[in-house]
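Each chain, letter by letter, is given below.
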Amino acid sequence: MTVGVVPQSLTPRPAEDAHVRAVLGPTNTGKTHLAIERMCGHSSGMMGFPLRLLAREVYDRVRAIKGDRQVALITGEERIEPPEARYFLCTAEAMPRSTGEVAFVALDEAQLGADPERGHIFTDRLMHMRGREETMILGSATLEPMVKALIPKAEITSRPRFSTLSHAGVCKLSRLPKRSAVVAFSVEQVYAMAEALRRFRGGAAVVMGALSPETRNKQVAMFQAGEVDYIVATDAIGMGLNLDLDHVAFAALSKYDGRRKRRLTPSEMAQIAGRAGRHQRDGTFGTLSGTGKGDGEPLQFTDEEVYAIEEHKFAPLTHLFWREADPRFDSLASLIADLEARPDNAVLKAAPEAIDLAVLKRLAGDSIAETVRGAGSVRRFWEACSLPDFRNLGVEQHARFVARLWDDLRGGYLGADFVAARIAELDRMQGDIDTLQGRIAAIRSWAYICQRPDWVLARDEMAARARAVEAKLSDALHARLTERFVNRRTTLLMKSLGQDASALPVTLEPDGHLTVEGESIGRLEGFRFHVDPSAGVADRRMLLAAGEKALPALLAERAEWLLSKGIAELEISGGAIRWQGRALAEIAFPGHPGSGNFGTPRLALTRDVALLPDSAKAKLEVGLTAWLEQQLEPLEPLRKLAEAARDPAAGSQARALVITLIEARGVISREEAGLENLPKEMRPYLRKLGVTFGALDIFDAPLLKPAPRRLLHALGLDTRAVQEAMQPVLAEGSWAKGRLPAGYRYAGSQAIRVDLAEKIFRAAFDARAKVVAAHPKERNRSFRLDLALAVSVGLEAENARRLLGSAGFRCDKARALPEGAQGPAAPDRWYWRPRRPEEREARREARSAERPRHGKPERKDARKDNRPGEGKPQREKRDDRPKGERRDRPGGGKPGGGKPRDTRPPLPKPDTGPARAGGAFDKLADLLKG
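Here is what the cut-offs are and how they apply
- Residues numbered from 1 in each chain as written.
- Predicted model: local features only at pLDDT ≥ 70, side-chain atom pairs only at ≥ 80, totals over all residues.
- Heavy atoms only, no water.
- Helix = DSSP H or I, 4+ residues; strand = E, 2+ residues; numbered from the N terminus.
- Buried < 20%, exposed > 50% of the residue type's maximum accessible area, 1.4 Å probe, protein only.
- Contact = heavy atoms within 4.5 Å.
- Areas by Shrake-Rupley, 256 points an atom, 1.4 Å probe, with all protein chains shown as cover.
- Phe/Tyr/Trp six-rings, centres within 6.5 Å; stacked < 30°, edge-to-face > 60°.
- Lys NZ or Arg CZ within 6 Å of the ring centre and 35° of its normal.
- Axes fitted to C-alpha atoms, helices over the stretch in contact; angles between N-to-C directions.
- Parallel < 35°, antiparallel > 145°, perpendicular 65-115°, else oblique.
- Left-handed = near helix turned anticlockwise from the far one by under 90°.
- Nonpolar A, V, L, I, M, F, W, Y, C, P; charged D, E, K, R; others polar.
- Pairing = 2+ DSSP bridges.
- Salt bridge = Lys/Arg side-chain N within 4 Å of Asp/Glu carboxyl O.
- pLDDT = per-residue confidence, 0-100.
- Core = buried A, V, L, I, M, F, W, Y, C linked by side-chain atoms within 4.5 Å.
- Arc of directions from axis to C-beta.

Novice: Where do I start with the overall build of the chain in this structure?
Specialist: Regarding its fold elements, the chain presents 29 helices and 34 strands. In the chain, buried positions account for 49% of the 930 residues. Across the chain, contacts joining residues at least 24 apart in sequence account for 69% of those joining residues at least 6 apart. If you sum the accessible surface of the chain, you get close to 44900 Å²; carbon and sulfur atoms cover 50% of it.

Okay, here's the thing in structure tokens:
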């Protein structure tokens, strides 16, 4: 073949043209549907489509009619061809170049012969693909002159559009009608539009040419199913996608065509806008405001463009692109010459240099060309160069990939292990949208390689692996797109908020979440509704409104369940009744501090239950009050004291003590009780109320049990630390510094419950009383004291001595046996010596002198009271060593004498015995008598 001469193969044979029918017209004319019906009426057939996803869509339709075994799908990356297949659905590139092998042949979107990149493929199929019985050419009305020029005997049929397409003008994105498509011409603009629709309307499906067909199908299916009301797409939407669209909005009217940025032609605009309206439902098209040139000029169609689109009046095509489809393979030079040959037909124009030819010419000038020898090798090399650039790498990088592929192919087949390893490298679902798109493009390259009949060993297995990985990646990409650009929750609410509250499909899940058709809008904590924290600022108001519409009825049911089945989940904490950590009602007791009033508590419902209907709220309050009465039973002793405090017959002195005991929540030291004002004859009356007059403390023993102590703390009536189990003795360090739990007193490094301390004191007084009764004339005779009781409750022996010392008991330890001596050790000797009034007065003055005045800090040598806590007796430092081992340091000086630092009058001789409290024994005679 000579360059510039049209081969004879371009001249159609008249006998074949007699059965050619061209069905032309705008979108939504039913051309594809007609071709499918005609094909299914023949014994066999083949249809070529511009897109893999359109081929897949028609494949599914025909398979439903003819069955799986009779229908095949053939694309560059996928081949499903049953042995008995009679109907073939293909992409235009994958259509076999044959004539008469099937009864029916159809080519869809034939006007793409005018496309600079792929036009030569469609031109070749239009001129050479023929069916034995019938051939159909489907396309735009602009193709009519080309059909008449290339196929003179073809029958031309025009089909009108089923619905009307009208211009709707400019519209804001926030006011875009439902079932609309937004068309943009760059990835950045597609993402921006989809993100804006997510904020305004809950999200949008995304369709771009860079997506895999599976991902595009899933996105389209999401739109078709009504999960979203909007779709954002590039001009890929204008071909092969049948959508239920009512409106198409253009975000731009210009695009970059690979060489320059240009304005769309009216026919291109119509191809996209024509997707609005389905069958007999009318559609509209327009532009979006705010997406103009940036100079304030709005984006809009011209009057001529609007007229052409609405009336389907476009300039006819004047040429189609052509490239030799059956070149010679004698050498690389002859192959390139044939591919660059120019036709002499006036309606045909040489196709611009495509990526496959550019790669061939790039590698033909490289050293790799020396490895291409013979017609078979040249053909195989051209097939490698024809590998589509799915990754859009450009000529240079794609040529390097083809060169590496050829290095493996020239020696035979690609090994299965090698191909499997390359596929496995791409079998990773992690990454963002762009990363997954890159992996899908790469796996499409390997899927194409695996489809070649003579490139890969174990071709079927490797092709299946590649398809499986592509499907997984497509699912992951669909999930990423949906996650980023679709807020299904907002979409559902936009559909539902206009309904009556009772019709809003809000469901309360068992875990407390409120959902709308499975999408969480927030959760209930108790009776308080919290909006889903993942919601954006723009969505929070909508979610709150949706929740509040359905909450009254749901909360009423929740309150009913709580009172009937969930009552055990209530608790008292922080002075309130709580459920699931939220306060339902604040608990208040009548009276004021110091009144001793402890009557029936009042409940004040919190704001958490504000949305409850009034009837449900009243029922809840009654139920909570009844429950609280049962919970307050452990405080019955405190109620009895409160009744006594209000009894006039008790006398003012007794009522004053009872009020003081109530305010102290059942335990008070004798020093703070004011016993000097209480007549002796009133003590039996108070004892009948359960009051115990101890050596150091006055207390109500039942209130020292764990239940009332915990309850007082939970009600907020006793803010002191609480010991949950009210253990008899607390180990050193088990309480916070300065916060001894209520109901305990210090015992050296330990702490003991006051009622148990009283038992130890009673045992000591009983032991002393026996000795005094036996020797009435001896003054302060020593006695023996067994510490078994104190040790049995958990006190250490030394701490037991210190506890007894606080009650005035002094211990003189017996000397240890000399070394080598035999026999039992001598017992300790105990004395009872309470502090005298003058000693107490001296100690009181000393403490006053040491106390800082007018906010000034104490002197460094001032004594400090190291005992933490409030309301406990003060004590001096003590030395429990035997007399012979103790050393007194008069004046507070250093060992060996020296001038004392403190020049104040000396204090009375310090008590070197156990620490003891002052002021608690003025009336111990009364205690012993009683």
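That covers the picture; the talk isn't over yet.
Novice: Sorry if this is basic, but what is going on with unusual backbone geometry here?
Specialist: Negative phi values dominate among residues other than glycine, just as trans dominates among peptide bonds. Here Ala458, not a glycine, exhibits a phi torsion of approximately 55°, which is positive. Topologically, Ala458 is positioned in the loop between α15 (433–451) and α16 (459–485). Not every positive phi belongs to a glycine, and Asn780 is a case in point at roughly 50°. By the element assignment, Asn780 lies in the loop between α25 (754–774) and α26 (788–792). A residue is classified by how much of its surface remains accessible, and Asn780, at 33% relative accessible area, is partly exposed.

Novice: How should I be thinking about the packing of aromatic side chains in this particular structure?
Specialist: What characterises a pair of aromatic rings is the spacing of the ring centres plus the angle enclosed by the ring planes. Applying the stated criterion across every chain yields a total of 13 aromatic pairs. Both rings, one in Phe250 and one in Phe301, keep their centres 5.2 Å apart while their planes meet at 90°; by these two values the pair is edge-to-face. Here Phe301 lies in the loop between β16 (283–288) and α9 (303–311) and Phe250 lies in strand β13 (residues 247–250), a separation of 51 residues in the sequence. Each member of the pair Phe250 and Phe301 is classed as buried. Look at Phe285 and Phe301: their rings are 5.3 Å apart centre to centre, the planes differ by 80°, and that puts the pair in the edge-to-face class. Of this pair, Phe285 sits in strand β16 while Phe301 sits in the loop between β16 and α9, placing them 16 residues apart in sequence. With respect to burial, Phe285 and Phe301 carry one shared label: buried. In this structure an aromatic cluster arises from ring pairing among Phe765, Phe783, Phe809 and Trp832. In this structure, Arg452 packs its charged tip against the face of Trp455, placed 5.3 Å from the ring centre. Looking at Arg484, its charged tip hangs above the ring of Tyr191, at a distance of 4.9 Å from the centre.

Novice: Just to check I follow, could you spell out the packing of α15 against α16 for this structure?
Specialist: In the contact formed by α15 and α16, the axes pass within 9 Å of each other and the chain directions differ by 160°. The orientation of α15 with respect to α16, classified from their angle, is roughly antiparallel. Pair α15 / α16 crosses with left-handed handedness. Considered class by class, the residues forming the contact of α15 with α16 number 15 nonpolar, three polar and seven charged.

Novice: Please explain the sheet that holds strand β26 (residues 602–605) as it appears in this structure.
Specialist: Working definition: the strands of a sheet are paired by backbone hydrogen bonds and lie parallel or antiparallel to each other. Pairing within the open sheet is antiparallel, and its four strands lie in the order β23-β24-β25-β26. Edge strands, defined here as strands with exactly one partner in the open sheet, are β23 (571–573) and β26. Adjacent strand axes in the sheet meet at a mean angle of 35°, parallel and antiparallel pairs treated alike. Bridge count for strand β24 (residues 576–579) against strand β25 (residues 582–588) is four bridges, and the pairing is antiparallel.

Novice: Can you walk me through the sheet that holds strand β9 (residues 165–171) in this structure?
Specialist: Ordered in space as β9-β16-β13-β10-β12-β11, the six strands form an open sheet in which the pairing is parallel. Both edges of this open sheet fall to β9 and β11 (205–207), since each of them pairs with a single strand only. Averaged over all adjacent pairs, the angle separating strand axes in this sheet is 25°, with direction ignored. Bridge count between β13 and β16: four bridges; the pairing is parallel. Counterpart to Val248 in the pairing with β16 is Phe285.

Novice: Whenever I open this one, the pattern of salt bridges confuses me. Can you help?
Specialist: Once the charged atoms of two side chains with opposite charge are near each other, the side chains can pair. By the definition in use, this model includes 48 salt bridges. Close ionic contact of Arg810 with Asp812 constitutes a salt bridge, the shortest N to O distance being 3.5 Å. Residue classification places Asp812 among the buried residues on the basis of a relative accessible area of 10%. Through salt bridges with shared partners, a single ionic network connects Arg52, Arg56, Asp60, Arg63, Asp68, Glu77, Glu78, Arg444 and Glu470.

Novice: Looking at this structure, I do not really get the side chain of Thr234. What am I missing?
Specialist: Relative to the helices and strands, Thr234 is located in the loop between β12 (230–233) and β13. Among the residues examined, Thr234 registers a relative accessible area of 11% and is labelled buried. In contact with Thr234, not counting residues within four places along its chain, are Val183, Ala184, Val190, Val207, Met208 and Gly209.

Novice: So what exactly am I meant to see when it comes to the confidence of the model for the chain here?
Specialist: Summing up the model confidence of the chain, the mean pLDDT is 80 and the portion of residues at 70 or higher is 81%. When pLDDT is averaged over each element of the chain, strand β6 (residues 104–107) comes out on top at 95 and helix α29 (residues 924–929) at the bottom at 40. Predicted confidence for residues 498–503 stays below pLDDT 50, and this span has four contacts to residues more than four positions away or in other chains. Contacts for the low-pLDDT stretch residues 851–930, under 50 throughout, to residues beyond four places or in other chains number 119 contacts.

Novice: Explanation requested: the nonpolar core in the structure shown.
Specialist: One broad rule of soluble globular proteins: the nonpolar side chains tend to lie buried together. If you look at the biggest cluster of nonpolar residues, it comprises 73 residues, and the most contacted ones within it are Leu176, Val182, Leu360, Leu363 and Ile449. The greatest single-element share of this core, amounting to eleven residues, is contributed by α15. Those residues in contact with Val182 that lie beyond four places of it in its chain are Leu173, Leu176, Met193, Leu197, Ile231, Val232, Ala233, Ala249, Ala251 and Leu288.

Novice: I would appreciate a short explanation of the environment of Pro388 in the present structure.
Specialist: Positionally, Pro388 belongs in the loop between α12 (375–385) and α13 (395–409). The exposure class assigned to Pro388 is partly exposed, which follows from its relative accessible area of 26%. Spatially, the C-alpha atom of Pro388 lies 9.0 Å from that of His398, the residues being ten residues apart in sequence. When sequence neighbours within four positions are dropped, the list of residues in contact with Pro388 reads His398 and Tyr448.

Novice: Sorry, what's going on with the environment of Gly690 here?
Specialist: The topology assignment puts Gly690 in the loop between α23 (683–688) and β28 (691–693). Accessibility expressed as a relative area gives 25% for Gly690, which makes it partly exposed. It is 7.9 Å that separates the C-alpha atoms of Gly690 and Pro702, two residues lying twelve residues apart in sequence. Non-local contacts of Gly690, meaning those with residues more than four positions away in its chain, are made with Phe699, Asp700 and Ala701.

Novice: Teacher, can you tell me more about α9 here?
Specialist: Among all positions of α9, only Glu305, Val306, Ala308 and Ile309 are buried. One face of α9 carries all of its buried residues, which in axial projection span an arc of 165°. In α9, those exposed residues whose orientation departs by more than 90 degrees from the buried face are Asp303, Glu304 and Tyr307. On its buried face, α9 is in contact with β9, β15 (261–263), α8 (266–273) and β16.

Novice: Before we go on, may I ask you to explain helix α11 (residues 355–364) in this structure?
Specialist: Note that an α-helix has 3.6 residues per turn; residues three or four places apart therefore point the same way. If you check which residues of α11 are buried, you get Asp356, Leu357, Ala358, Val359, Leu360 and Leu363. Considering only its buried residues, α11 is in contact with α10 (332–339), α12 and α13.

Novice: Is there a simple way to think about the packing of helix α7 (residues 213–224) against α16 in this case?
Specialist: Angle between the axes and distance between the axes are the two parameters that describe a pair of packed helices. As a packed pair, α7 and α16 sit with axes 8 Å apart at the nearest point and diverge in direction by 40°. The angle between α7 and α16 places the two elements in the oblique class. As α7 packs across α16, the resulting crossing turns out to be right-handed. In this structure, α7 contributes Pro213, Glu214, Thr215, Lys218, Gln219 and Met222 to the contact, and α16 contributes Glu470, Ser474, Asp475, Leu477, His478, Leu481 and Thr482. Across the contact of α7 with α16, the residue classes break down as four nonpolar, five polar and four charged.

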